[in-house]
Amino acid sequence: MPSLTLLGQSVVSGLLAGGLYGLLALGLSLSWGLLRLVNLGHFALAFLGAYLTYQLGTAFRLAPWFSALLIVPVFFGLGVGLHVVFVRFRVTEFTSLLVTFGITVILESVIQWFWTADFRRYETPYGTSSTRIGPLFVPTLDFLAWLTAAALALATWAWLRFTYVGKALRASAEDPEIAVAFGVNHRAQAFVVSGVSAAYAGVAGVYIALISTLAPSQIWAWLGVVFAVVIIGGLANPIGALLAGILIGVSESLTMAVATPAWAPLVSFSVLILLLVARPARA
Amino acid sequence: MSERRGAVAAGLLSVGVGMSLLPMIGLPAFYESFLYLVFHWIALATSWSILSGYAGYFSFGHGAFFGAGMYTTATLTASYGMPFLLTLPLAGLVSAALATGIGAVVFRVKRLRGELFGLLTLAITFVLATIVLNTRIDGGPGVYLLGVHVPRLVASPTGTVYLLGLTLAVLTVGTSYVVGRSRLGLGLLAIHDDEDVAEVKGVPTFRYKLSAFALSAGIAGMAGGIQAIYVGYVTVGETFSITVPLYVVLMSILGGARHWLGPTVGAIIITTSLYAFTGGESAVLGRAVVALAMILVILLLPDGVVPSVARQWRAWRSRRSVAVDKRVTPSVLGSTGSFAPDGRARAAGSVTVSTAPRGDAQAALLDCRELWKAFGGIQALRAVSLRLDPGEIVGLVGPNGSGKTTLINVISGHYRPDRGRVDLRGGDLSSRPAHEIARLGVSRTYQIPRPFAHLTALDNVALAAIFGGGDARTARIEAAGWLEFTGLAARLAALPAELNLHERKFLELARALAARPRVILLDEVLSGLNPAEITSAIRLIQKIRADGTAILFVEHVMRAVLELSDRIVVLNEGTVIASGAPHEAMRDPHVVRVYLGKGHAA
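Since this is a predicted model, take the numbers as computed values, not measurements.

A.B. asks: Just checking my understanding: could you explain the overall build of chain A for this structure?
C.D. replies: The helix and strand inventory of chain A stands at eleven helices and two strands. Mapped in sequence order, the helices and strands of chain A form the string α-α-α-α-β-β-α-α-α-α-α-α-α. On C-alpha atoms alone, chain A measures out to a radius of gyration of 19 Å, which is about the 19 Å that the 2.2 N^0.38 rule sets for 283 residues. Taking the principal axes of the C-alpha coordinates as reference, chain A spans close to 60 × 45 × 30 Å. With 283 residues in all, chain A has 51% of them scored as buried. By sequence separation, contacts in chain A at least 24 residues apart represent 79% of the contacts at least 6 residues apart.

Here it is, written out as structure tokens:
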């Protein structure tokens, strides 16, 4: 049995890792829940954002928040462009999975072409800084990522809950035809959602570059975990995505502490499978 | 049809034998290796399409079954010294057992269709990879098979792998062809279009999905076993990579996942074009090109290459034959094109026999006793009792939301009642699955017609005839008879989307009749029809009853209710509030109050 400090530390790191899961899940949850499109390309976009942050930071010495200022609007545009294709070819919920699967493979190849398949690490002066609370260490960057995830989740929740656009989007997701009959312009808002979702992928990418090691094949490593988070959190439910991210993050890091790290993937996928089979009504 | 089956068998056999002679005449090892890869992908893609193409359950977990087979062979040969050829059937069995276990859980959950099924199978692949990596099966370093003895069937060392790959590919394509034309295949196609309706029309959906899943996984497992010897070194990273699910989906969709030959054509195209990008940096580019091709195919050719070409070919041939003799026989009838005008008489005649009152005429044919059904807090049925005698027409009326459609759904087995029983000639239906109820002689229509969208009108009706307990060989002739009976003789070859509402309603009726039911449940067949169409429909229903079939029909068109019903039953808020002769029941003060409001009751 590991010591209490080790357990406490793994709860803290799981909590913080959950922030990044929630951040990635947020964009995915929006497009799946509101547009009925399952976007596997979300992960590839996030990694494209991460590699861009890495490139701008190492080759041009650009600070990551400055990179974020560039990445967010560009990715918003990419998201809108993607949705133009989806609308043009009347892509359905299911074919979206196949098409974005293809997009992910293409982006993975592009990343591998430019940055090779080797592992890359973006070293920053503040990369290792942390705050000490009692016997526990809180890494600064992880904590920032968590704060960003929480802030975006809250803002998105408020956007969907209180603004006209948010209400219209929720109405369209329930019944597009009826919503149109009441004057909701679903198409215009769908572009906004797709853009926002891609921009969130960009934000997540900046943090992925800062926190973890980059390799093109890592795109697939996030996929299962984040989908588990999206489904557990409930579609188009920003707060749910964040909480589910924390749940998965903590249970994963506890598994790593109690068993070995290699078993960690089993936890999230098993939770996903159990949830799909036992409580499918949520999704 | 049998002529065509013979041609396909002969074609497959000659290709198989011809290709198997190649190693003997000294084919360079490089070509053997390349052709082996083509066979490998043909077997994998074709096996994937048996479940995912025919039934539409897209699996991203084919890599899991392929990997299970690969590791079965690797472990048994490298660690236990079992002869290689013996491990192949075991590899297939392990994968099939794995699929059966997964399917037995997953296929019970109705919501796990479409993209959720795809994600679930992908997650299963990751779980399996984690388990293999962390246990003694692999443990991390991978498994070497270099010392494993491979029996030499021909002179060259790669010849054995080549022949095994060829055999598996030919057998798999043959299996897919046979499945596609069997009862199983027809059932799977129906599941693809509308699983709930398929079940109600008598398709044992759970069993069929499970069989297709096990068959598909078993073949993938054997392909994995052969591949283990081919690569000689098995690792988790390579085996459970995204390559297998990506390629099988792409190959099948490119060629046509619902056509037996589609995956083969797709596999040949992709493997050959990938060959152009082998080695070094161009391998990365090759993957990107394959992914781009997949996107373009999905967006532009959703049906795949083979079905598109086949459509062009048929169109060209029919244009030619029109030019030759100016007469088109409906090609859907196949070799049974000699359909005679007396088909209707034959079909209708045999119905009289099968639905005529059997045994004790005094006992009710259908007897619902004290049925209760709640959805969450809404009590849809409260102690509803209703009986139906042979040849009787009972009208079921009541305001919207009174529980009429729920009652039909409970009788046909779509929902299970919370309490109470449904007896058909003494046998309890309430705990049986819908497809058994259909086979016992209860048939229904849907208020909004739900035909199988990818089957012609004739095939829609033939499916109901076959799964309602009919003979598969005469089903199409019978089906044509029923379509004529309902006035759709001219629309045999039409797809449901080409029919108007009136025609789709009658297709729905023909499909219900083709199962030769003893009891037929009609859910608002007349709604949306104009007065003349209603008149012809009323005549049709009277004709059905004349054959001895009992009819329970839900209807809002009062003229039809009063004209047709021997008895009516009035439901309100899930309770029977009146029943009896039509004019009396409708004059019941309680009924008048429910329909017209309080003021009219006096």
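From this point, the narrative continues.
A.B. asks: Just checking my understanding: could you explain the overall build of chain B for this structure?
C.D. replies: Looking only at helices and strands, chain B features 24 helices and twelve strands. On the principal axes, the C-alpha backbone points of chain B span a range of 95 × 65 × 45 Å. Taken across its 602 residues, chain B has 49% of its residues classed as buried. A separation of at least 24 residues holds for 73% of the contacts in chain B among residues at least 6 apart in sequence.

A.B. asks: Where do I start with the interface of chain B and chain A in this structure?
C.D. replies: One frequent convention defines the size of an interface as the accessible area lost when the parts assemble. In this complex, chain B contributes 32 residues to the contact, which on the side of chain A involves 33 residues. Elements represented by at least two residues in the side of chain B that touches chain A include exactly α4 (84-106), α5 (114-134), α11 (243-255) and α13 (282-300) of chain B. Per-element tally for the side of chain B that touches chain A: the top contributor is α5 of chain B, with 14 residues. Its residues placed into classes, the side of chain B that touches chain A shows 25 nonpolar, four polar and three charged.

A.B. asks: What is the right way to look at the domain arrangement of chain B in this model?
C.D. replies: All names here are of chain B. Partitioning chain B into structural domains gives domain 1 (30-269) and domain 2 (366-600). Inter-centroid distance (C-alpha atoms) of domain 1 to domain 2 is 43 Å. Taken residue by residue, the interface counts 16 residues in domain 1 and 19 residues in domain 2. Among the elements of the structure, α7 (183-193) and α8 (195-200) are those that each provide at least two residues to the side of domain 1 that touches domain 2.

A.B. asks: Looking at this structure, how should I read the packing of helix α5 (residues 140-162) of chain A against helix α10 (residues 238-258) of chain A?
C.D. replies: Helix packing for two helices is described by the angle between their axes and how far apart those axes are. Residues and elements named next belong to chain A. Interaxial distance between α5 and α10 falls to 8 Å at its minimum, and their mutual angle equals 155°. As far as their axial angle goes, α10 and α5 are roughly antiparallel. Of α10, the residues touching α5 (which contributes A149, A150, A153, T156 and W157) are P238, I239, A241 and L242. Looking at the contact of α5 with α10 residue by residue, the class counts come to eight nonpolar, one polar and no charged.

A.B. asks: When you look at the packing of helix α2 (residues 29-51) of chain B against helix α12 (residues 262-275) of chain B in this model, what are you seeing that I'm missing?
C.D. replies: Residue and element names in this part refer to chain B. Two elements in contact, α2 and α12, have axes separated by 8 Å at closest approach and are oriented at 140°. With respect to their mutual orientation, α2 and α12 come out oblique. Every pair of crossing elements has a handedness; the one defined by α2 and α12 is right-handed. Judged by residue contacts, F34, L37, V38, W41, I42, A45, T46 and S49 of α2 engage G262, P263, T264, G266, A267, I268, T271 and Y275 from α12. Of the residues assigned to the contact of α2 with α12, the class counts are ten nonpolar, six polar and no charged.

A.B. asks: Looking at this structure, how should I read the sheet that holds strand β8 (residues 442-444) of chain B?
C.D. replies: Across a sheet, paired strands are connected by hydrogen bonds in the backbone, their directions being either parallel or antiparallel. All names here are of chain B. Ordered in space as β8-β9-β10-β5-β11-β12, the six strands form an open sheet in which the pairing is mixed. If you trace the sheet from one side to the other, it starts and ends with β8 and β12 (575-580), each paired once. Looking at each pair of strands side by side, their axes are set apart by 20° on average, direction ignored. Taken together, the five bridges between strand β9 (residues 519-523) and strand β10 (residues 550-554) define a ladder with parallel strand orientation. The residue bridging I520 from the neighbouring strand is I551, located in β10.

A.B. asks: What exactly am I supposed to notice about the pairing of β10 of chain B here?
C.D. replies: In summary, the side chains of a regular strand alternate between the two faces of the sheet. Residue and element names in this part refer to chain B. β10 sits mainly inside the fold: five of its five residues count as buried. A two-sided burial pattern is seen for β10, the buried positions comprising A550, L552 and V554 on one face and I551 and F553 on the other. Across four bridges, the pairing between strand β5 (residues 393-397) and β10 is parallel. By the bridge assignment, L396 is partnered in β10 with V554. Handedness of the β9-helix α21 (residues 531-546)-β10 crossover: right-handed.

A.B. asks: Explanation requested: the sheet that holds strand β7 (residues 427-428) of chain B in the structure shown.
C.D. replies: Residues and elements named next belong to chain B. Taken in spatial order, the four strands make up an open sheet running β4-β3-β6-β7, and their pairing is antiparallel. Edge positions in the sheet fall to β4 (378-388) and β7, since each has one partner strand and no second. The sheet contact formed by strand β3 (residues 366-375) and strand β6 (residues 419-424) spans five bridges and is antiparallel. Following the sheet pairing, R369 is matched in β6 by R421. Each of β3, β4 and β6 is contacted by helix α16 (residues 404-411), which is oriented at about 65° to β4, the strand it contacts most.

A.B. asks: What is the right way to look at unusual backbone geometry in this model?
C.D. replies: It is generally the case that most residues other than glycine have a negative phi and that most peptide bonds are trans. Residue and element names in this part refer to chain A. Non-glycine residue R90 carries a positive phi angle of around 50°. The phi torsion at A236 lies on the positive side, around 55°, for a residue other than glycine. As for its position among the elements, A236 is in the loop between α9 (218-233) and α10. We classify A236 as buried; it has 22 C-beta atoms within 10 Å.

A.B. asks: What is the right way to read α11 of chain B from this model?
C.D. replies: Think of an α-helix as turning once every 3.6 residues; residues three or four places apart then point the same way. Residues and elements named next belong to chain B. Here α11 contains 13 residues, and its C-alpha end-to-end distance of 18 Å stays within 8% of the 18 Å for a straight helix at 1.5 Å per residue. Listing the buried residues of α11 in full gives V244, P245, L246, Y247, V248, V249, L250, M251, S252, I253, L254 and G255. Residue G256 follows α11 closely and has a positive phi angle near 120°.

A.B. asks: Help me understand the environment of G441 of chain B, please; the structure alone is not making it clear to me.
C.D. replies: Within the secondary structure layout, G441 of chain B lies in the loop between α17 (434-440) and β8. Among all residues touching G441 of chain B, those that are not within four sequence positions of it are L424, P517, R518 and V519 of chain B.

Calculation criteria
Residues numbered from 1 in each chain as written. Chains lettered and ligands numbered in written order. Predicted model: local features only at pLDDT ≥ 70, side-chain atom pairs only at ≥ 80, totals over all residues. Helix = DSSP H or I, 4+ residues; strand = E, 2+ residues; numbered from the N terminus. Rg over C-alpha atoms; globule rule 2.2 N^0.38 Å. Buried ≥ 20, exposed ≤ 12 C-beta atoms within 10 Å, placed from the backbone. Contact = placed C-beta atoms within 7 Å. Nonpolar A, V, L, I, M, F, W, Y, C, P; charged D, E, K, R; others polar. Domains from an automatic or database assignment. Axes fitted to C-alpha atoms, helices over the stretch in contact; angles between N-to-C directions. Parallel < 35°, antiparallel > 145°, perpendicular 65-115°, else oblique. Left-handed = near helix turned anticlockwise from the far one by under 90°. Pairing = 2+ DSSP bridges. Right-handed = clockwise from strand over helix to strand, strands pointing away. Expected span 1.5 Å × (residues − 1).

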